[in-house]
Amino acid sequence: MSVKELKKAPPCTETSLGNYLWSDKPDENKWADCVHCGMCLESCPTYELTGQEQHSPRGRVHLIKSVAEGKLEVNEQFMDPVYACLDCRACTTACPADVDVGGLIEEARGQIRQAMPLKGWKGMVSKTFLEGLFPHPNRLNALGGMLKFYQKSGAQTLVRKTGLINVMPKHLVEMEAIMPEIKQSVRQKYKNETIIKAKGKTKREVSVLTGCVMDVMFGEINDATINVLTRNGNDVVIPKNQTCCGALHVHSGDREMGRKLAKQNMEAFKDSEKVVVNAAGCGCMMKDYPELFHEDPEWKEKAEEFADKVEDISKYLHDTGYDKPKAEMNTRITYHDACHLAHGQGVRQEPRDLLLTIPGVEMVHMPNSDRCCGSAGIYNITNPEMAGAVLESKMQNVPEDVDMISMGNPGCMLQMAMGVKKYGKDQRVVHTVQLLDWAYQKEDREREGE
């Protein structure tokens, strides 16, 4: 699409920046400190795999800046490197000037999606899932029911044995093979309760984000989160009108839907003092809500107040104190740093400290533990070849002599489970809070058996 064609689109309400013709354009303050020093290169998975400057952080910053200066157009050649980015934020961690490359990428994607709306089957899939499914808990629960029937009725076995599964693309077949067992979602389990009381004396009250994919695909992790919180003196509130955090929408370029979901969540949690999140991607997105409103001072202030409430479950437990389990788990584990937990939120040591307080847990270091696994939201669906190459590199760093790989993000769990299966490994992939919950459960069983 040429600049001439783009100018037929609705104009920006503010002064346009080069060839960015809509509001919510990339913030030039974000690239102002980039001196193209190259400190980011070794941190970037896509640059490591391709060796191409356009697939490096500084290369992408240069492209985004060039469009603002009118030297490049918003077209396919610009879109490809911008959407090939994993948005893992490792470059910002490596950058001496803390250049927010991830923020620039997401703002650029917002411009691209307005200039080049998705059409055909991609547009249909986006509209069906991102607009028609994820923001609607009742529809997600219905989907969960269908997936549970698929697993329990024998349909899954039939589809696999007859080879019908192979009509799907290879990467989707691999994902189906590691789909977790669908269990009851927390929103269904506690649908008639406004507050889940602490076990014992109440110390604090917190609200919990149940999420969309997390509650449908990983209901047991949400359940473990509530068990651990109530075990440690927290009354837990699950606001009924909460919705999807909007991460997948923003990553795909639909920032308008991201803002809509952000406003709904800010309203849902307005009376909460603390919002505890067990999914790294969701927590990072909610802490980034102010970025969605960088051109709207009123909503940006509200978003900043909200972002201060959001905290990952591991950091919350670490900072407020929790009962150290007494039962021994006797297991060797390694820990994978989810990108949006380590790079996005700066939470690294807290989950490790939590795991090491469980008796019998031996921690084995994973080299490059904060290297992306290739999940990156739905990147493993939209960019399967690159995601697969990133996963292969990641799995080479998984220690052989461990029983479990622990982490704090559902997308990473699915991706790493796929890697375990694909490369013939046998480690169990678990969420950090699950292991703590299992230790508590074992402690209770041992106490009852005395």
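Right above here is the structure, for reference.
In short, a report on the structure. Because the structure is a prediction, the values reported are computed rather than measured.

### So, the side chain of Arg113
Alright, step 1. Among the secondary structure elements, Arg113 is positioned in helix H7 (residues 101–115).
Alright, step 2. Buried charge Arg113 goes without a salt bridge, the closest partner of opposite sign being Glu76 at 7.9 Å.
Alright, step 3. Only 3.2 Å separates the side chain of Arg113 from the backbone oxygen of Met116, close enough to count as a polar contact.
Alright, step 4. Setting aside chain neighbours within four positions, we find Arg113 in contact with Met79, Tyr83, Leu118, Ser252 and Gly253.

### A look at the nonpolar core
Alright, step 1. Leu229, Met286, Tyr289, Leu317 and Met416 are the most contacted members of the largest nonpolar core, which has 81 residues in total.
Alright, step 2. With six residues, helix H25 (residues 410–422) is the single largest residue contributor to this core.
Alright, step 3. With residues up to four places along the chain from it excluded, the contact list for Met286 reads Leu209, Cys245, Phe269, Val275, Val277, Phe306, Ala307 and Val310.
Alright, step 4. The next biggest cluster of nonpolar side chains, apart from the first, holds 29 residues, and it includes Leu17, Cys34, Tyr83 and Cys91.

### Comments concerning the environment of Phe134
Alright, step 1. Relative to the assigned elements, Phe134 resides in the loop between helix H8 (120–131) and helix H9 (137–152).
Alright, step 2. In this structure Phe134 comes out as buried when scored by relative accessible area, which is 13%.
Alright, step 3. Sequence separation of Phe134 and Glu392 is 258 residues, and the distance between their C-alpha atoms is 29 Å.
Alright, step 4. Discounting chain neighbours no more than four positions away, the residues touching Phe134 are Phe129, Leu140, Cys212, Val213, Cys244, Leu248 and His249.

### Remarks on helix H26 (residues 432–448)
Alright, step 1. With 17 residues, H26 ought to run about 24 Å at 1.5 Å a step, and its terminal C-alpha atoms sit 25 Å apart, in line with that.
Alright, step 2. Those residues of H26 that sit buried are Thr432, Val433, Gln434, Leu435, Leu436, Asp437, Ala439, Tyr440 and Glu443.

Definitions and limits used
- Residues numbered from 1 in each chain as written.
- Predicted model: local features only at pLDDT ≥ 70, side-chain atom pairs only at ≥ 80, totals over all residues.
- Heavy atoms only, no water.
- Helix = DSSP H or I, 4+ residues; strand = E, 2+ residues; numbered from the N terminus.
- Buried < 20%, exposed > 50% of the residue type's maximum accessible area, 1.4 Å probe, protein only.
- Lys, Arg positive; Asp, Glu negative; His and termini not counted.
- Salt bridge = Lys/Arg side-chain N within 4 Å of Asp/Glu carboxyl O.
- Polar contact = N/O pair within 3.5 Å; in protein donor to acceptor, adjacent residues only side chain to side chain.
- Contact = heavy atoms within 4.5 Å.
- Core = buried A, V, L, I, M, F, W, Y, C linked by side-chain atoms within 4.5 Å.
- Expected span 1.5 Å × (residues − 1).

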